[in-house]
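# Tertiary structure, described
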Amino acid sequence: MRTTNDLTPHAATAAAILPLVGGAANVTSVVHCMTRLRLGLRDRTLVREDALRSLPAVLGVVADDDSYQIVLGPGTVARVTPEFEALVAGTAGAPDTGTADVLVTGTADVLAARGAAWKAARQQRNATPLKLLLRRIANIFVPLIPALIGCGVIAGLGGLLVNLGWLPSLTPALAAIASGFMALIAVFVGHNTAKEFGGTPVLGGAVAAIVVYAGVAKVTAFGMTLAPGQGGVLGALAAALLGTYVEKWCRRWVPEALDVLVTPTLTVLLTGLVTLYVLMYTAGELSTAIGTGANWLLDHTGVFAGLVLGGLFLPLVMLGLHQALIPLHTTLIQQQGYTVLLPVLAMAGAGQVGAALAVYVRLHHDQSLRTTIRSALPAGLLGVGEPLIYGVSLPLGRPFVTACAGGAAGGAFVGFFSMLGDKIGSTAIGPSGWALFPLLKGTGGLALTAAIYAGGLLTGYVVGFAATYFFGLARTVGGTVSGVCDSSKEGQDTDQGGNPPP
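Quick caveat: nothing in here was measured; it's all calculated off a predicted structure.

### A word on the sheet that holds strand β2 (residues 36-41)
Taken together, the four strands give an open sheet; going across it, the order is β1-β2-β4-β3, and neighbouring strands pair in antiparallel fashion. A single partner strand is all that each edge strand has here, and the edge strands are β1 (27-32) and β3 (60-63). Shown here is a sheet whose adjacent strand axes are inclined to one another by a mean of 20°, direction ignored. Most of the contacts of helix α17 (residues 386-396) go to β3, to which it runs at about 90°, and overall it touches β2, β3 and β4 (68-71).

Put into structure tokens, the structure is as follows:
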């Protein structure tokens, strides 16, 4: 029998997590995105969240109505997930051996408990039809992020080589590699849409493929000749969604003996006709309006737009509404090669880092909190903000508000240069913070684009730090520093964690 000493670090992390989420019998599904292990659980009351948070590899925990998400960070999650899946497959029904208790070190911080309580209350309010729909849309696009990142980095490398005049024989190959996925992204969106909404994935991909097929150039709709790719990912999403409903309708009415022949045929035929003569034109007009609107917004109201977008992004994340931006980012990338919104929104993470640094400096006697910040800062600098949000700023209250102020300042900085004509964007979605540098692209040169983004980050750090240092940590009657926004404790002395003295 293997002991914890025999395991690789990633296998040990998986072995530590499994009993803390209720064991293999409690796990119904295992997937991962760029930073999170997303688990379907039968009974969430079996989760030992405090112990889970105390695992060295766990950066944070996020629970929503669809999945229980364990933040492990980029790179790590892709290596831990297969180890976890192997454990679930191999130990289903086995008793909890307590392996995690051997690996858990330290105790859960009191702020982590407050963050968990806040999230639990938020979860009860989040099961609205709109938010559930946004989560389903996110489930369509999140699996595409690794390919977007990889192709985006390759596109950036190819652009750099072209600008430098190096390896001219290699750059066409790099362009083909980087562009292949984007040319067919509609097919992947259609496949995932059908899968998410209960249809046959390959049929979703088939009807979405119509959008990018070169032969649509021979079709005329609304008096206009269609263009391959017209409507983009929005058209593909709409086509696959319609196809799913047509397929379900066919399953109800077509006799079983004819189902295998009639249902796929009617699904592709009816959906294909609607896609060609309605959806491609309509989605194309909508996609064009999105691109035009985003560019106009930053070109003409850059400072104000950056202020609002950078300042409100953290609250949007808390409410789950940020998921509505994923199709917009993807549409902009498909249209113009990069999304101008992501660098502005990334400034929210910079404000969060600045706020955490201020808390670290001011609350110098709270060693537990300082330890949390030290462990979460590297991930925060790379754009993984959950550990700082749920472990520091949200439980403290005011630092969350001052972090938003830092994000607003950084967004305004980037927006100001957009008004001057120096627009910057990202060739992929997913990364943020320092991890976004390899994906930057703009109207100016690479050096200028990187300098503007770095200036925005620095502005976010500085303003987030200053706002938190001077306004985010109130001094109570007894002279103790506290960051807790709790009206029930107004006028009372509090300790450094915001609790009334004994």
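The structure having been displayed, the exposition proceeds.
### A closer look at the pattern of salt bridges
Considering all chains together, one arrives at five salt bridges under this definition. Between E196 and R136 there is a salt bridge, with the nearest N and O atoms lying 3.3 Å from each other. Of the two residues, E196 sits in helix α9 (residues 185-196) while R136 sits in helix α6 (residues 129-141), which places them 60 residues apart along the sequence. A relative accessible area of 31% places R136 in the partly exposed class. Residues joined in a network through salt bridges with shared partners are E247, R251 and D259.

### Looking at unusual backbone geometry
Unlike most non-glycine residues, L167 shows phi in positive territory, near 45°. Counting through the fold element by element, L167 comes out in the loop between α7 (145-164) and α8 (171-183). Notably, F222 is not glycine yet its phi reads approximately 55°, a positive angle. Along the chain, the position of F222 falls in the loop between β5 (220-221) and β6 (224-225).

### Some details on the packing of aromatic side chains
In this structure the tally under the stated criterion is seven aromatic pairs. Aromatic pair F416 and F417: ring centres 5.5 Å apart, planes at 80°, arrangement edge-to-face. Exposure remark for F417: the relative accessible area of 21% places this residue in the partly exposed category. Centre to centre, the rings of F437 and Y453 are 5.1 Å apart; their planes meet at 80°, and the pair counts as edge-to-face.

### Quick notes on α17
When you tally the buried positions in α17, you get 11 out of 11 residues, the bulk of the element. Every buried residue of α17 is accounted for by E386, P387, L388, I389, Y390, G391, V392, S393, L394, P395 and L396. A positive phi of about 95° marks G397, the residue just after α17.

### Section: the environment of L448
Relative to the helices and strands, L448 is located in helix α19 (residues 446-472). Under the relative-accessibility criterion, L448 is labelled partly exposed at 36%. Residues L448 and K423, 25 residues apart in the sequence, show an inter-C-alpha distance of 9.9 Å.

### Quick word on the pairing of β4
Taking every second residue as pointing to the same face, both faces of β4 are buried, with Y68 and I70 on one and Q69 and V71 on the other. Across four bridges, the pairing between β2 and β4 is antiparallel. Looking across to β4, one finds that L39 is bridged to Y68. The pairing of β3 with β4 spans four bridges and is antiparallel. Within β4, the residue paired with V62 across the bridge is Q69.

### Points about the nonpolar core
One finds F141, I185, V189, V359 and Y453 to be the most contacted residues of the largest nonpolar core, which totals 79 residues. Broken down by element, this core gets its largest block of residues, nine residues, from helix α12 (residues 256-319). Leaving out residues up to four positions away in the same chain, V189 has contacts with I140, F141, L144, V233, A236 and L237. In terms of nonpolar packing, the next biggest core, distinct from the first, is built from 25 residues, L41, L52, L72 and V77 among them.

### Topic: the packing of α9 against helix α11 (residues 232-253)
Relative orientation of the contacting elements α9 and α11 amounts to 35°, with a least axis distance of 8 Å. Remark: the crossing between α9 and α11 carries right-handed chirality. Contacts between α9 and α11 pair I185, A186, V189, G190, T193 and A194 from the former with V233, A236, L237, A240, L241 and T244 from the latter.

### Some thoughts on empty space enclosed by the protein
For the coordinates displayed, the defined rule picks out one cavity of 30 Å³ or more. Looking at the largest cavity, its volume works out to about 40 Å³. L298, V340, V344, V414, G415, S418, D422, K423 and I424 are the residues that line the largest cavity. The greatest single-element share of the lining of the largest cavity, amounting to three residues, is contributed by helix α18 (residues 398-419). Broken down by class, the residue content of the lining of the largest cavity amounts to five nonpolar, two polar and two charged.

### So, the confidence of the model for the chain
For the chain, per-residue confidence averages 83 on the pLDDT scale, and 85% of positions sit at 70 or higher. Note on residues 93-109: pLDDT is under 50 here. Beyond four places in sequence and across chains, it has 30 contacts. Note that residues 485-502 has pLDDT below 50 and, in this model, 35 contacts with residues that lie over four places away or in other chains.

What counts, and where the lines are drawn
- Here, residues in each chain are numbered from 1, in the same order as that chain's written sequence.
- The model is predicted, so local features are restricted to residues of pLDDT at least 70 and side-chain atom pairs to those at 80 or more, both for listing and for counting; the totals for chains, interfaces and linings are taken over all residues.
- Derived side-chain values reflect all non-hydrogen atoms in the structure, with water molecules and hydrogen atoms excluded from consideration.
- Two strands qualify as a pair provided DSSP detects at least 2 bridges between them.
- Secondary structure counts use DSSP, requiring at least four H or I residues in a row for a helix and at least two E residues in a row for a strand, with both numbered from the N terminus.
- Working convention: axes come from line fits to C-alpha atoms, limited for helices to the stretch in contact. Angles between N-to-C directions cover 0 to 180 degrees.
- The contact rule is simple, with two residues in contact once any of their heavy atoms fall within 4.5 Å.
- We define a salt bridge as a contact between a side-chain nitrogen of Lys or Arg and a carboxyl oxygen of Asp or Glu at a distance within 4 Å.
- Residue exposure (1.4 Å probe, protein chains only): buried if accessible area is under 20% of the type maximum, exposed if over 50%, otherwise partly exposed.
- Classification of ring pairs uses Phe, Tyr and Trp, with its six-membered ring standing for Trp, and accepts pairs whose centres are within 6.5 Å; under 30 degrees between planes counts as stacked, over 60 as edge-to-face, and the remaining range as tilted.
- For our purposes a nonpolar core is just a set of buried Ala, Val, Leu, Ile, Met, Phe, Trp, Tyr and Cys residues, chained together by side-chain atoms within 4.5 Å.
- Crossing handedness: left-handed means the near helix sits turned counterclockwise from the far one by under a right angle, and right-handed means the same turn made clockwise.
- Cavities and pockets are found on a 1 Å grid laid over the protein atoms alone: a cavity is a set of points where a 1.4 Å probe fits but cannot escape, a pocket is an open set with protein on both sides within 12 Å along at least five of seven lines, and a lining residue has an atom within 4 Å of such a point.
- Grid points are joined across faces, edges and corners, and a volume is the space filled by probe spheres set on the points.
- Classification convention: Asp, Glu, Lys, Arg as charged; Ala, Val, Leu, Ile, Met, Phe, Trp, Tyr, Cys, Pro as nonpolar; all other residues, Gly among them, as polar.
- On a scale of 0 to 100, pLDDT captures the predictor's confidence in every residue.

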